[in-house]
Amino acid sequence: MSYQECINCHEKYGIDEIVYFCKKCGDILEIKINMEKIVETVKNKNYMKTTLSVWRYREFMPIHETTNVVTLNEGGTGLHRSERLGEALGLTDLWIKNEGENPTGSFKDRGMTVGVTKAVELGARHVICASTGNTSASLAAYAARAGIRCTVLIPSGKIAYGKLSQAMIHGAKVLQVRGNFDESLEFVLKLAEKHRSIYLLNSINPFRIEGQKSLGYEICEQLEHNAPDRLIVPVGNAGNISAIWKGFSEFYKLGLITKLPKMTGIQAVGSAPIAKAIKSHSNKIVPVAEPETVATAIRIGAPVSWKKAINAVNESHGTAETVTDEEILDTQKLLAQVEGIFVEPASASSIAGLKKLVRNGVINKNERIVCVTTGHGLKDPDTAVKMCEKPIEVDAEMSAIENALGIKSK
Ligand code: F0G
């Protein structure tokens, strides 16, 4: 049987128990999956019978066999060989796993398909989260798909418009809190404890992490059952880096890959408690009271899964780095223009971090590197438009158009 376990004192909880923090020591939980069952699945190659997606790994997920899944076809995103960007950075084997290709435009859908399926399995009729944007967009869509009520708390005026529009059109109750993400998260944690009928779907919920671990599985399969040398990912609340590491670790335990990648987390300078802890070899974070960055998705000062993230980096002999807003925006444009991949600023931070680590000699030019770009560029069109040359307005005449293009009229 699969079960939930405290990451600190290892107290165990049942798979159908609604519990967000360990009742004994207060730390966060993770799912221990039933490895015996999966070993059988792997032996029979059952899991390979469907196309690449989160639910290809149904047997790897802590969901009962008879449960109907709530899905919009998540996962199966492209792993793009990035020769032109690699060349620009002096790298020979660079890949981009583009999570913007998910149904609502971010990696959150991997977690929400499993999280909302679990919510319905548990009989929940009302789900909630705090969010910098993408989590709320995703939860709103999956709650609509499941036909259940959804409430999202977002920091007032600080989330990108694309994401806000998604939460609104899917019919979520949107509360804009006059405060930041960390404060919003505290409220939803308290709400879910106080009103037990409201089910919490922030990444503190370990079922979300189970869905997101499929990102690690997929990368291995797309590289023909090899792990990359290094995995680079933006870090905010730190659920995703923990999830991807769990995915790689489980594939390793199952003998499906023979090595593990160095997990490398990137944060924005103004919101970097985890990167700072790792760089100073500390096992504890110092929360940032007023986080700031143009990459609003990762504008988080007190990441809830910081312990899991530090473990992932340390166990994998990885590292962490910080990047400035300018570096993030420059890289966003570079990626869009040399690879045709348009990502939101938070996503570009993984590649901005890569650039810096190459420059500082931390990364070897022949490493096989996978950068995860976490959200689609259309989530935040305002920032993109501000960075680019304005369109040239011309009269509706051929000569004016030729003139603007600098070509002579014949
Ligand atoms: N990239 C994007 C585009 C995100 O939206 C987030 C997190 C991250 C990276 C960081 O992932 O939190 O798992 O470390 N967004 C959350 C949200 C916090 O509310 O949408 P993480």
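Below, the discussion takes up a nonpolar patch on the surface. Among the surface-exposed residues, Ile392, Val394, Met398, Ile401, Leu405 and Ile407 lie close enough to one another that they form a single nonpolar patch of about 610 Å² accessible area. Its location among the elements puts Met398 in helix H15 (residues 398-405).

Attention now goes to the sheet that holds strand E6 (residues 126-130). Spatially, E8-E7-E6-E9 is the arrangement adopted by the four strands of the open sheet, whose pairing is parallel. The open sheet has two edge strands, strand E8 (173-177) and strand E9 (198-200), and neither has a second partner. Averaged over all pairs of adjacent strands, the angle between strand axes in this sheet comes to 25°, irrespective of strand direction. Relative to E9, E6 is paired through three bridges, and the arrangement is parallel. Of the residues in E9, the one forming a bridge with His126 is Ile198. Each of strand E7 (149-155) and E8 touches helix H5 (residues 161-169); the most contacted strand, E8, lies at about 140° to it.

Glancing now at the sheet that holds strand E4 (residues 79-81). Pairing in this open sheet of six strands is mixed, and the strands run E4-E5-E13-E10-E11-E12 from one edge to the other. Here the strands that pair on one side only, and so sit at the sheet edges, are E4 and strand E12 (319-323). For this sheet, the mean angle separating the axes of adjacent strands, direction not counted, is 25°. Note: strand E11 (residues 262-268) against E12, five bridges, orientation parallel. Among the inter-strand pairings, Thr264 is bridged to a residue of E12, identified as Thr319. Its contacts with the sheet put helix H9 (residues 239-253) on strand E10 (230-234), E11 and strand E13 (368-373), and the angle it makes with E11 is roughly 170°. Contacts between helix H12 (residues 325-339) and the sheet are confined to E4, strand E5 (93-98), E11, E12 and E13, with E12 contributing the most and set at about 100° to the helix.

Time to look at the domain arrangement of the protein. Entries for the protein in the domain assignment read domain 1 (1-28) and domain 2 (79-105 + 208-387). Using C-alpha coordinates to define each centre, domain 1 is positioned 28 Å away from domain 2.

What follows covers the packing of H9 against helix H11 (residues 306-315). Between H9 and H11, the least distance of the axes is 8 Å, while the angle of their chain directions is 45°. Taken together, H9 and H11 sit at an angle that is classed as oblique. Both H9 and H11 take part in a crossing whose hand is left-handed. Residues Ile241, Ser242 and Trp245 of H9 touch H11, and the partners they reach there are Lys308, Ala309, Ala312, Val313 and Glu315. A class-by-class count of the residues in the contact of H9 with H11 yields five nonpolar, one polar and two charged.

Right, let's talk about the environment of Thr113 for a bit. Its location among the elements puts Thr113 in helix H3 (residues 108-121). We classify Thr113 as buried; its relative accessible area is 0%. For Thr113 and Ala146, which are 33 residues apart along the polypeptide, the C-alpha to C-alpha distance reads 10.0 Å. Excluding residues within four positions of it along the chain, Thr113 makes contact with Val54, Trp55, Val70, Thr71, Glu74 and Tyr142. Here Trp55 takes part through its side chain, which lies 2.8 Å from a polar atom of the side chain of Thr113.

For the structure shown, the criterion picks out 27 salt bridges. As a salt-bridge pair, Lys158 and Glu292 come within 3.9 Å of each other at their nearest N and O atoms. Of the two residues, Lys158 sits in the loop between E7 and H5 while Glu292 sits in the loop between helix H10 (273-279) and H11, which places them 134 residues apart along the sequence. The salt bridge involving Glu344 is made with Lys163; its shortest N-O contact spans 2.7 Å. Taken together, the positions of Glu344 in the loop between H12 and helix H13 (345-359) and Lys163 in helix H5 put the pair 181 residues apart, joining distant regions of the chain. As far as the burial class goes, Glu344 and Lys163 line up, both buried. Because the salt bridges share partners, they merge into one network encompassing Lys97, Glu99, Arg110 and Glu218.

A separate point is empty space enclosed by the protein. Over the atoms rolls a probe the size of a water molecule, and its path tells where empty space is left. Following the criterion strictly, the structure yields three cavities of 30 Å³ or more and no others. By volume, the largest cavity amounts to about 310 Å³. Lining the largest cavity are 27 residues, with Phe107, Lys108, Gly236, Asn237 and Ala297 positioned closest to its centre. When residues of the lining of the largest cavity are traced back to their parent elements, those giving at least two are helix H4 (134-146), helix H7 (206-212) and H9. Looking at which element gives the most residues to the lining of the largest cavity, the answer is H9, with three residues. Counted by class, the lining of the largest cavity contains 11 nonpolar, 13 polar and three charged residues.

Take the nonpolar core next. Among the nonpolar cores identified, the biggest contains 86 residues, and Phe60, Val127, Leu231 and Ile274 are the most heavily contacted of them. Both domains that meet at this core, namely domain 1 (1-28) and domain 2 (79-105 + 208-387), each give it at least three residues. Formed by 26 residues, the second largest nonpolar core is a distinct cluster that contains Ala295, Val323, Ile351 and Ile363.

Scoring rules and cut-offs
Residues numbered from 1 in each chain as written. Predicted model: local features only at pLDDT ≥ 70, side-chain atom pairs only at ≥ 80, totals over all residues. Heavy atoms only, no water. Patch = residues over 30% accessible without salt bridge, like charges linked within 9 Å, V, L, I, M, F, W, Y side chains within 5 Å. Areas by Shrake-Rupley, 256 points an atom, 1.4 Å probe, with all protein chains shown as cover. Salt bridge = Lys/Arg side-chain N within 4 Å of Asp/Glu carboxyl O. Helix = DSSP H or I, 4+ residues; strand = E, 2+ residues; numbered from the N terminus. Pairing = 2+ DSSP bridges. Axes fitted to C-alpha atoms, helices over the stretch in contact; angles between N-to-C directions. Contact = heavy atoms within 4.5 Å. Domains from an automatic or database assignment. Parallel < 35°, antiparallel > 145°, perpendicular 65-115°, else oblique. Left-handed = near helix turned anticlockwise from the far one by under 90°. Nonpolar A, V, L, I, M, F, W, Y, C, P; charged D, E, K, R; others polar. Buried < 20%, exposed > 50% of the residue type's maximum accessible area, 1.4 Å probe, protein only. Polar contact = N/O pair within 3.5 Å; in protein donor to acceptor, adjacent residues only side chain to side chain. 1 Å grid on protein atoms, 1.4 Å probe; cavity = no way out; pocket = protein on both sides within 12 Å on 5 of 7 lines; lining within 4 Å. Points joined across faces, edges and corners; volume = space filled by probe spheres on them. Core = buried A, V, L, I, M, F, W, Y, C linked by side-chain atoms within 4.5 Å.

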